[in-house]
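# Structural overview
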Amino acid sequence: MKTENILVIGGTGKTGKRIVNLLQEQGHQVRVGSRNASPSFDWHQPEEWTKAVEGIDKVYITYQPDLAVPGALQAIEELVKVSKKAHVKKLVLLSGKGEREAELCEQVVIHSGLDYTIVRASWFNQNFSENFLLEPILDGFVALPQADVQIPFVDADDIAQVAVKALLDDAHNGQIYQLTGDKAITFKEAINVIAQVSNRIITFVPISISEYGDGMRKANLSEDFVWLIEYLFTEVLGNPNNSEITNDIEKVLKRKPISFSEYVNKTAATGIWNVGVKQTI
């Protein structure tokens, strides 16, 4: 297999770090796109992007904090321009399933004139262990809106493997993949599975979106983060189409997606949900 020079933007994030590892295991030259790398990549410093893409064949793009936020579209437009000038051959964009704003960013990549693959992902399993839901789980009290919505949570390992296939195989050029798990469950059901497998008492309380926003503000979270979470709960989880289950992971990887219960069993074994918590008797 030909060795590729690949820039992984967000290379220390949930999907990025997994993609970096998979590509390096296959012998490819990987440049980690992060603020602490050299050359560095910072979404707020476009003047430095030319250095980051120099000599790069393909780019994996994940935008922080989300393609839905103001400024994301302009950033993707600028990155495409910089990539074309550097003779990058292909872009793989991580997008959000059911996010209208994200689809505008997708169009920029689709019409870039470069080879591309769009990877639209449902909500990550890893939000329960590597993101904002970890702390309330450790506290043993999870209060969330949209408690009855069915969500086909998808695993970051599956997303990473699909992205690597897209980066390395031209057969995926021009494709839009929508990645979901094999089953849709509610937040309450998800928390119950985590509690059972990790031998925990975790109380789940359904609340309104406005109550959830108020709680985040009382916790002194930034207004940008509050806006994003409210948007995701309202516009994304509030869209019934996002409960749809697809077979794109099976199509690309030739196997079933990692199930939520598989994710929970593997993650519980690391002990991440057991720190400073009361065990059941």
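Look up: the structure comes first, before these words.
Definitions and cut-offs
Per chain, residue numbering runs from 1 following the sequence as it is written. Restriction of local features to residues with pLDDT of at least 70 applies here, the model being predicted, together with a cutoff of 80 or more for giving and counting side-chain atom pairs; totals for whole chains, interfaces and linings are based on all residues. Water and hydrogen atoms were dropped before computing side-chain values, which therefore reflect all heavy atoms in the structure. Only buried residues count toward a nonpolar core. Its members are Ala, Val, Leu, Ile, Met, Phe, Trp, Tyr and Cys residues joined through side-chain atoms within 4.5 Å. Only protein chains enter the accessibility calculation, which uses a 1.4 Å probe; a residue whose area is less than 20% of its type maximum is buried, one above 50% is exposed, and one in between is partly exposed. Two residues form a contact once any of their heavy atoms are found within 4.5 Å. Think of each axis as a best-fit line through the C-alpha atoms, taken over the contacting stretch in the case of a helix, with angles from 0 to 180 degrees between the N-to-C directions. Each helix is a run of H or I in the DSSP string that is no shorter than four residues. Each strand is a run of E no shorter than two, and both are numbered from the N terminus. Any angle between 65 and 115 degrees counts as roughly perpendicular, while under 35 counts as roughly parallel, over 145 as roughly antiparallel, and the rest as oblique. By definition, any crossing whose near helix is turned counterclockwise from its far helix by less than a right angle is left-handed, and any crossing with a clockwise turn is right-handed. For this classification, Asp, Glu, Lys and Arg are treated as charged, while Ala, Val, Leu, Ile, Met, Phe, Trp, Tyr, Cys and Pro are nonpolar and the rest, including Gly, are polar. In protein, a polar contact means a hydrogen-donor-capable atom and an acceptor-capable atom, both N or O and within 3.5 Å, with residues adjacent in sequence counting only if both atoms are side-chain atoms; elsewhere, any N or O pair within 3.5 Å suffices. Pairing between two strands requires that DSSP report at least two bridges joining them. By definition, a salt bridge exists where a carboxyl oxygen of Asp or Glu is found within 4 Å of a side-chain nitrogen of Lys or Arg. Ring pairs are drawn from Phe, Tyr and Trp, using the six-membered ring of Trp, whenever the two centres fall within 6.5 Å, and their geometry is named by plane angle: stacked under 30 degrees, edge-to-face over 60, tilted for the rest.

## Structural notes on the nonpolar core
In terms of nonpolar packing, the biggest core is built from 66 residues, with Trp43, Ile76, Trp123, Phe128 and Phe187 touching the most fellow members. Filtering out sequence-adjacent residues up to four positions away, Ile76 remains in contact with Trp43, Ile61, Leu67, Leu93, Cys105, Val108 and Val109. Counting 26 residues, the second-largest nonpolar core is a separate cluster that includes Val8, Phe124, Ala166 and Val252.

## Digging into the packing of helix α1 (residues 16–25) against helix α6 (residues 156–168)
Put simply, α1 and α6 touch, their axes get as near as 9 Å, and they point 50 degrees apart. The pairing of α1 with α6 is recorded here as oblique in orientation. Crossing of α1 over α6 shows right-handed handedness. Here Arg18, Ile19, Leu22 and Leu23 of α1 lie close against α6, whose contacting residues are Ala156, Asp157, Ala160, Gln161, Ala163, Val164, Leu167 and Leu168. For the contact of α1 with α6, the per-class residue count stands at 9 nonpolar, 1 polar and 2 charged.

## Concerning the side chain of Asp248
Positionally, Asp248 belongs in helix α10 (residues 248–253). The contacts of Asp248, once residues within four sequence positions are left out, are Ile176, Tyr177, Gln178 and Leu179.

## A look at the side chain of Ser198
Structurally, Ser198 is set in the loop between α7 (187–197) and β8 (203–206). Exposure remark for Ser198: the relative accessible area of 6% places this residue in the buried category. Within the structure, the side chain of Ser198 is placed 2.5 Å from the backbone oxygen of Ile194, a separation counted as a polar contact.

## Overview of the packing of helix α8 (residues 209–218) against helix α9 (residues 223–236)
In contact at an axis separation of 10 Å, α8 and α9 are set at 160 degrees when each is read in the N-to-C sense. Viewed along their axes, α8 and α9 adopt a mutual orientation that is roughly antiparallel. Considering only the axes of α8 and α9, their crossing is right-handed. Facing Ile209, Tyr212, Gly213, Met216 and Arg217 of α8, the residues of α9 in contact are Glu223, Phe225, Val226, Ile229, Glu230, Phe233 and Thr234. For the contact of α8 with α9, the residue count by class is 7 nonpolar, 2 polar and 3 charged.

## Remarks on the sheet that holds strand β3 (residues 58–61)
Strand order in the open sheet made by the 6 strands is β2-β1-β3-β4-β5-β7, with parallel pairing throughout. Both edges of this open sheet fall to β2 (29–33) and β7 (175–179), since each of them pairs with a single strand only. Sheet twist, expressed as the average angle between the axes of neighbouring strands with direction ignored, equals 15 degrees. As paired elements, strand β1 (residues 5–9) and β3 share 3 bridges and run parallel to each other. Paired with Ile6 across the two strands is Lys58, which belongs to β3. Along the sheet, helix α3 (residues 72–85) contacts β1, β3 and β4 (90–96); its crossing angle with β4, the most-contacted strand, is approximately 165 degrees.

## Considerations on the pairing of β3
Burial along β3 is two-sided: Lys58 and Tyr60 facing one way and Val59 and Ile61 facing the other are all buried. Examined bridge by bridge, β3 and β4 share 4 bridges and lie parallel to one another. Along β4, the bridge assignment pairs Tyr60 with Val92.

## Overview of the pattern of salt bridges
Going through the model one piece at a time under the given rule, you end up with 16 salt bridges. Two residues, Asp158 and Arg255, come together in a salt bridge whose shortest N-O distance is 2.6 Å. Taken together, the residues span a long stretch of sequence, with Asp158 in helix α6 and Arg255 in the loop between α10 and α11 (260–268) at a distance of 97 residues. Judged by relative accessible area, Asp158 falls into the buried class, the value being 0%. Taking relative accessible area as the criterion, Arg255 reaches 27% and is therefore assigned partly exposed. Notably, a salt bridge pairs Arg217 with Glu223, separated by 2.9 Å at the nearest N-O pair.

## Notes on unusual backbone geometry
With an omega dihedral of 0 degrees, the bond running from Ser38 to Pro39 counts as a cis peptide bond. On the secondary structure map, Pro39 appears in the loop between β2 and α2 (49–53). The linkage connecting Gln64 with the following residue, Pro65, adopts the cis geometry, with an omega of 5 degrees. In this fold, Pro65 is placed in the loop between β3 and α3.

## Notes on the packing of aromatic side chains
In total, this model carries 18 aromatic pairs according to the counting rule given. Between Phe260 and Tyr263, the ring centres sit 5.6 Å apart and the planes meet at 50 degrees, which makes this aromatic pair tilted. Of this pair, Phe260 and Tyr263 are both found in helix α11, 3 residues apart, which corresponds to roughly one turn of the helix. Plain terms: the ring middles of Tyr263 and Trp273 are 6.0 Å apart, the flat faces sit at 85 degrees to each other, and that makes the pair edge-to-face. A residue pair is termed long-range when its members are at least 10 positions apart, and Tyr263 in helix α11 and Trp273 in the segment after α11 qualify at 10 residues.

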